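Geometric and topological summary
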Amino acid sequence: MPSSLVRPSVVCALAIFLRLSAAKRRHERRRRRLRQLLLLADQFVTVHPASYCRLNHRAPILRLWFEVESELKQDFHLSRRAMHALQRLLQKDQDHGWGNELEVLIYVYWLAHGLSYRVVSGVFNVPRSTVHRIIHKVAQRIWLHLSLAISFPRAEDLHKVGQGFVDQSGTAVFNEVVGVIDCTHIRIKAPQQHQFDYLNAKGFYSITIQAIFDSNGRFLDIFVGYPGSVPDAGVMRNSSFYQARRYPPPSYILLGDESYPCLDAPICLITPYTEPVDRPGQALFNCHHSKARSVADRAFGVMKTRWRSTLSNTLEVKPAFASQVVSSCAFLHNVCMDNGDVLEPDDNIAQDPLPPQEFLTDEETSGIATRDRLAALNVSVLQEQITFSTV
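This text gives an overview of the structure that appears in the document. Predicted model only: the values in this text are computed from it and were never measured.

For Asp-214, the location among the structural elements is in the loop between strand E2 (206-213) and strand E3 (219-227). In this structure Asp-214 comes out as buried when scored by relative accessible area, which is 10%. Expressed as a C-alpha distance, the spacing of Asp-214 and Leu-254, which sit 40 residues apart in the sequence, is 9.9 Å. Once residues lying within four places of it in the same chain are set aside, the contact partners of Asp-214 are Val-161, Phe-165, Leu-220 and Val-295. Only 2.9 Å separates the side chain of Asp-214 from the backbone nitrogen of Asn-216, close enough to count as a polar contact.

This brings us to the pattern of salt bridges. A full pass over the atoms with the stated rule returns eleven salt bridges. Here Lys-73 and Asp-341 are joined by a salt bridge, their closest N and O atoms 2.9 Å apart. With a gap of 268 residues between them, Lys-73 in helix H3 (residues 73-76) and Asp-341 in the loop between helix H13 (319-338) and strand E7 (365-366) connect regions that are remote in the sequence. On the basis of relative accessibility, which here comes to 5%, the residue Asp-341 falls in the buried class. Notably, a salt bridge pairs Asp-346 with Arg-308, separated by 2.3 Å at the nearest N-O pair. With Asp-346 in the loop between H13 and E7 and Arg-308 in helix H12 (residues 308-311), this residue pair connects regions lying 38 residues apart in the sequence. Assessed through its relative accessible area of 34%, Arg-308 is described here as partly exposed. In this structure, a network of salt bridges that share partners links the residues Lys-73, Arg-306 and Asp-341.

Conventions we followed
Residues numbered from 1 in each chain as written. Predicted model: local features only at pLDDT ≥ 70, side-chain atom pairs only at ≥ 80, totals over all residues. Heavy atoms only, no water. Helix = DSSP H or I, 4+ residues; strand = E, 2+ residues; numbered from the N terminus. Buried < 20%, exposed > 50% of the residue type's maximum accessible area, 1.4 Å probe, protein only. Contact = heavy atoms within 4.5 Å. Polar contact = N/O pair within 3.5 Å; in protein donor to acceptor, adjacent residues only side chain to side chain. Salt bridge = Lys/Arg side-chain N within 4 Å of Asp/Glu carboxyl O.

Printed below as a string of structure tokens:
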């Protein structure tokens, strides 16, 4: 190409590039001015103007936080150690905005008291719109990082989990048990769509949380958000762990109550014998089964007691966000356990009724033979113990 034609083309391209760069700079200046105007508007409409993206140390709740010897349980329902652990888990590489520390404090305070955004705004002296954004942001962050605190045990730890259920149940027969599965209902306001799907057997709108627990009542897996009208077995069959056959591993067992089918495949899930039982061995098996399974009721009770203001009342949010809130409660339950923040469940926490037992599907194999084997082995172990004690 002749040089006389190349030179005008280069000049033209350079002119277009400079024009686009100037337009981009003008756009950035407009965005900065808009952010400044929004900040000024927030400061004028707030009763106590807050400094943008800075902790207001004069707010009483934050004075409590910065007094490192003060106890946080009454205001946050978490110990200081558990709160620090939570903040470390949710720490981001790039921490812009109000900062991870304040965001976690706001979210946990809101969760502990079940308050409106307006009340939390006044407590922390930040704009209400900011409180709304932070609460949804932290809930989403926990939702995306549940595996940081909730996960199945490693293969080398399964024996320890089984031994925990031996101690919990009082029988060595349960050394292959590596989890208890159960569901509970969380009240929500009537959704705008598919209302009757969320109306459960007790007559209120709810979503379910399905959980698998170890012998200490720690969450190993959760599946949250199914409508309250779906029975426990239906929730399980749609959950990821069941469809992927992820747990329990081969030769290991889950325990469930009467609302689940007794299965040998695709997963091994053993339920108690239907009452009234025919033989004493079945009654003995049911007794040990109930002791092992009690960890689920206790863990749900602890979670609902700690976050009573949120979980014992109707969640006035959409079902999708309600699922994130409930998931974060389970996440925090494990964080508390890992940091020695123990709590006794309130006996007044209502228990969910047992739905009718489900029949097997075409893809499932009955676990009755496995249950009979365990019951017979349980009787043999008991007889050996009696014989040994009398010798």
